[in-house]
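# Structural description and commentary
Below are the chains, spelled out letter by letter.
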Number of protein chains: 2
Amino acid sequence: MSENFEAILRDGCGLVKDRPIIVGVSGGPDSLCLMEILRQAGYSLIIAHFDHQLRPESSQDARMVEMTAARLILDCIINGADVRAFADHEKLSLEEAARSLRYQFMFKLARKHNAQAVAVGHTADDQVETILMHFLRGSGLAGLKGMPYKSIVKIFDAEIPIVRPLLDMRREETIKFCAANDLSPHYDSSNDSFNFQRNRIRHSLIPELENYNPKFRDAVLRMSETLKGDHAFMLELLETAWHEIMIAVDEGVITLDFNLLSKNSLSLQRNLIKKAMQTLQPDIDVDFLTLERATHLIKDLSTSAVVDLKAGLRLYIENDLIFISKTNSKLPINLWPQLPDGRSIAISIPGQIELMGSWKLYSNYTPLDDLARAEAERNEDPFRVWLDAEQIPDSLELRVRRRGDRFFPLGMQGHSQKISDFFVNEKVPHRVREHWPLLCAGDEIFWVAGYRPSHSCRLTASTRKAFYFYLSNPLKKNR
Amino acid sequence: MSENFEAILRDGCGLVKDRPIIVGVSGGPDSLCLMEILRQAGYSLIIAHFDHQLRPESSQDARMVEMTAARLILDCIINGADVRAFADHEKLSLEEAARSLRYQFMFKLARKHNAQAVAVGHTADDQVETILMHFLRGSGLAGLKGMPYKSIVKIFDAEIPIVRPLLDMRREETIKFCAANDLSPHYDSSNDSFNFQRNRIRHSLIPELENYNPKFRDAVLRMSETLKGDHAFMLELLETAWHEIMIAVDEGVITLDFNLLSKNSLSLQRNLIKKAMQTLQPDIDVDFLTLERATHLIKDLSTSAVVDLKAGLRLYIENDLIFISKTNSKLPINLWPQLPDGRSIAISIPGQIELMGSWKLYSNYTPLDDLARAEAERNEDPFRVWLDAEQIPDSLELRVRRRGDRFFPLGMQGHSQKISDFFVNEKVPHRVREHWPLLCAGDEIFWVAGYRPSHSCRLTASTRKAFYFYLSNPLKKNR
């Protein structure tokens, strides 16, 4: 066991010696080599063989794996299914069907035996083929960097990783290793026989590319190493930016901070929007043009405040918020204070009232001494207000707007304005106007929370006693 | 002229209408199309044709370009050279020789005519070929992203860019455009005929890859777009990190801050070292293994403090500094205080003395009151010292070490040590020991600046008056 291999198993794959590993063994040289390397390194193994039943002799392969495991005193579990029937039924390619059933079997075993990982025998040659396939499809960094030693594949399990300890070993080295360790692999692995595209790439395209660069495989592996570093670097930065800029992840909707996002570089904007889209729809590929539509909208708000992205996702901009949402999802309303349908709520002072989405209105009396006056004057939070207590009745209520409501906004020299016009002027998001909380007594409006108090109850030099209202935003801590 | 093209010319290539552009025109469809698009868009053009003299009919091509330009009332300058002779003489491939001579000609013209750019007719197909060649060689992000609309190639000119307005246009579109605009390109461009590898890729490999993905070209172009964004993002971050971590760029040597560099991610370390190397040797490709040697040295200092990189570049680590330097370059000495050769300088108190590389020694008296004592005790800068004035004579000098010098380092209970041993123990960089400044009176050493005062003149409870010395580092503001 080379020191390098120990480091790959321990640091690269993150394996420990006191929890079992499920080892996928087809019976080919790669997987037998993997099994033996892990065994010699002293890990605790459970061998898993899946019989795809695609060839008449497939059950002999299963017997061979069983016997080899028995000789080495390793636990071995055989399972199988009619992959062809499953593929037909699910309208999958044979390869997809085989992969899906095989991994489902291994992860089920992993959970049952509390295993730390599922280990598979992908080699450096598999890596080159995988990267080449990604290149042919025009993948970005994430594909071009190739397979990592360790990864979580959420569709199989959110916690148990797949590990690939042989990524630095050439296929021919695994054959030599098997020979040197008295293992007799079979060669026509079913994996090979039904994966037509990979087979063609392996046996025809790569030899062709080696005419252009005899060291093509080494070149691709070196590229993979470099891109892995770049990818990790970008992910790290993206994660940091995401936590700064993301305000909320709700069912079908992600809310981002417009100001923070728009002041970042275009590339970061694109990557964050992509991350948001893939958080909502994990399987989609996000193309460049889609992301460009999004960044254009963010840059140039004059045209519109909504754009269709892709796969039923849309991007909306609303004041200083960006929503990325499924078309049929409601935008989150807890970003704004909203009253339940048609409700009017009496306010006791002191007291507190709960609105929708955990918003809360706190109310209190305060003598307007120098300190309170200074605080009121310095205040920059539009959801806090001090009102002259002598200018408003004690029986206040919080209610939604009514047809014909008028209001005397502070700073308009006592002129009145229709609430609907006030909302338009202040760019209150359309969808939240209907349930916006107004502090009233009957027809008179004293405060449009978040915007402006009424001229009639403003603080003056003669104010002695104030009502203090504070509408607390449950998301404020994140912003 | 499509709106898209206007945006590419203005925003992508950064072109303006009031300064001439040198347009490289071979006479093939790509370059004729480029010329005509720029002309129709109203830019000021100077047509440049370079006759490679590799085919008997090459002078006819030159005439054709000249006549076409004349018909469109465009300035046209023809030049040529015996590319084969140049290639033989300089031991270059025909392609390299042709490229070098052609671009030299165009950039000379550009400087002469105060042109804003040299425009060349690379198309989307050239882009695909270029990216594929990079992939075959195992390039990183910078190669895989392909050619940009605008780039500076320092070996040709540090300020005038090369622009490539046709990067989104397919080669067959340029042919159609020429036909529609009454231009008659010739087809056997000399460019094609001697670039063997590119020709094979164009005519044989790409059609082969289209058997694997019929939309292979589109896939590569999409990949290029995405990677360009990622690359710009990384460059931006790299630039920020560079300004933090780079201490000095001198002739043949770059100095980085060891502590700042080593606490960053491996990927960032690699990229910064690569940037430093390419700042010193702009033309080199920097491979992964070279960068790994560098990051290993930074991670694990125990083995050595120097490593050969590549192309005559080395990396040294010296205390908290990293040097990346050409083998024959002297490491910068202004990073350390150094006396001119063999000099001894008398110190007046108060006063100041200039050392090499703008280091300065300031000296003064100070009554050792509570404040001064507190400051002396709190001091963490080894280039500042307070010494008991009553324990040292007034006639001090700053000098380099002499054979047999001994010293009573503070903290060694009055034991003495040879200066040479003291330097070894303290890991003073070898190359700066010979000219290190010592504060002395005759044979007695009172302070090894940057390290330790002598036990004999240390501050004690009974010290009333101190000499204060401060050796100021000219680079300190950057660190």
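Refer to the structure above for everything that follows.
Here goes a summary of the coordinates provided. Counting from 1, residues in each chain are numbered in the order their sequence is written. Chain letters and ligand numbers both follow the written order, the letters beginning at A and the numbers at 1. Residues qualify for local features only when their pLDDT is at least 70, as the model is predicted, and side-chain atom pairs are given and counted only at 80 or more; totals for whole chains, interfaces and linings, by contrast, use all residues. Hydrogens and waters are ignored; side-chain quantities use all the structure's heavy atoms.

### Thoughts on the interface of chain B and chain A
Selection rule: For this analysis, residues touch if any pair of their heavy atoms sits within 4.5 Å. The buried area of a pairing is the accessible area, by a 1.4 Å probe, that goes missing from both parts when the two are put together, added over both. Each reported salt bridge corresponds to a side-chain nitrogen of Lys or Arg within 4 Å of a carboxyl oxygen of Asp or Glu. Counted as a polar contact is a pair of N or O atoms within 3.5 Å, where, for protein atoms, one must be capable of donating a hydrogen and the other of accepting one, and residues adjacent in sequence contribute only when both atoms are in side chains. Each helix is a run of H or I in the DSSP string that is no shorter than four residues. Each strand is a run of E no shorter than two, and both are numbered from the N terminus. Amino acid classes used here: Ala, Val, Leu, Ile, Met, Phe, Trp, Tyr, Cys and Pro are nonpolar; Asp, Glu, Lys and Arg are charged; the rest, including Gly, are polar.
With 40 residues of chain B in contact, the opposing surface of chain A contributes 40 residues. Summed over both partners, the interface of chain B with chain A buries about 3,600 Å², with 69% contributed by carbon and sulfur atoms. Taken together, chain B and chain A are joined by zero salt bridges. Our count for the contact surface shared by chain B and chain A stands at four residue pairs in polar contact (both at pLDDT 80 or more). For the side of chain B that touches chain A, the leading source of residues is helix H11 (residues 216–245) of chain B, giving 14 residues. Broken down by class, the residue content of the side of chain B that touches chain A amounts to 20 nonpolar, twelve polar and eight charged.

### Quick look at the environment of Phe107 of chain A
Residue and element names in this part refer to chain A. So the rule is basically this: Exposure categories follow from relative accessible area, calculated using a 1.4 Å probe and restricted to protein chains: below 20% of the type maximum is buried, above 50% is exposed, and the middle band is partly exposed.
Along the chain, Phe107 turns up in helix H5 (residues 94–112). Given the relative accessible area of 1%, Phe107 is considered buried. Aside from chain neighbours lying at most four places away, what touches Phe107 is Val118, Phe156, Asp157, Ile160, Pro161 and Ile162.

### Digging into the packing of aromatic side chains
Counted only if it meets this: For Phe, Tyr and Trp, where Trp contributes only its six-membered ring, two rings pair if their centres lie within 6.5 Å, and the inter-plane angle classes them as stacked under 30 degrees, edge-to-face over 60, or tilted in between. Geometrically, a charge over a ring is one whose NZ (Lys) or CZ (Arg) sits within 6 Å of the ring centre while staying within 35 degrees of the ring normal.
As enumerated under the stated definition, the model contains 30 aromatic pairs over all chains in all. Aromatic side chains Phe407 of chain B and Phe422 of chain B sit 5.2 Å apart centroid to centroid with 80° between the ring planes, which places their arrangement in the edge-to-face category. Within this pair, whereas Phe407 of chain B is found in strand E17 (residues 406–407), its partner Phe422 of chain B is found in helix H16 (residues 419–425), the two being separated by 15 residues in sequence. The pair Phe407 of chain B / Phe422 of chain B is uniform in exposure class, with both members buried. Among the aromatic residues, those joined into a ring-pair cluster are Trp336, Phe407, Phe422, Trp436 and Tyr451 of chain A. In this structure, Lys228 of chain A packs its charged tip against the face of Tyr149 of chain A, placed 5.7 Å from the ring centre.

### Some points on the state of the cysteines
Cut-off, in case you're wondering: Put simply, a disulfide is two cysteine sulfurs that come within 2.5 Å.
A complete count under the given rule lists zero disulfides over all chains for this structure. Just so you know, Cys457 of chain A is unpaired, no disulfide at all, and the nearest cysteine sulfur is the one on Cys440 of chain A, 11 Å from it.

### Side note on the sheet that holds strand E13 (residues 351–354) of chain B
Residues and elements named next belong to chain B. Which entries qualify depends on this criterion: Strand pairing is assigned whenever DSSP detects at least two bridges linking the two strands. To define axes, lines are fitted to C-alpha atoms, for helices over the stretch in contact only, and angles between the resulting N-to-C directions are given on a 0 to 180 degree scale.
Spatially, the four strands line up as an open sheet ordered E13-E14-E22-E15, and their pairing is antiparallel. Strand pairing shows two members of the sheet lacking a second neighbour, E13 and strand E15 (384–388), which therefore form its edges. On average, adjacent strands in this sheet sit at an angle of 20° to one another, irrespective of strand direction.

### Thoughts on the pattern of salt bridges
All names here are of chain A. Overall, the coordinates contain 50 salt bridges over all chains when judged by the stated rule. Between Asp61 and Arg55 there is a salt bridge, and its shortest N-O distance comes to 2.7 Å. The partner of Asp443 in a salt bridge is Arg402, and the shortest N-O contact between them spans 3.4 Å. In this pair, Asp443 is assigned in the loop between strand E19 (438–441) and strand E20 (444–448) and Arg402 in the loop between strand E16 (396–399) and strand E17 (406–407), connecting sequence segments 41 residues apart. With relative accessibility at 40%, the residue Arg402 sits in the partly exposed group.

### Some words on the sheet that holds E16 of chain A
Residue and element names in this part refer to chain A. If you trace the five strands from one edge of the open sheet to the other, you get E12-E16-E19-E20-E21, paired in antiparallel fashion. Pairing within the sheet leaves two strands with one partner each, and these edge strands are strand E12 (344–347) and strand E21 (452–453). Pairing analysis gives two bridges linking E20 to E21, with the strands arranged antiparallel. Bridge pairing links Trp447 to Pro453 in E21.

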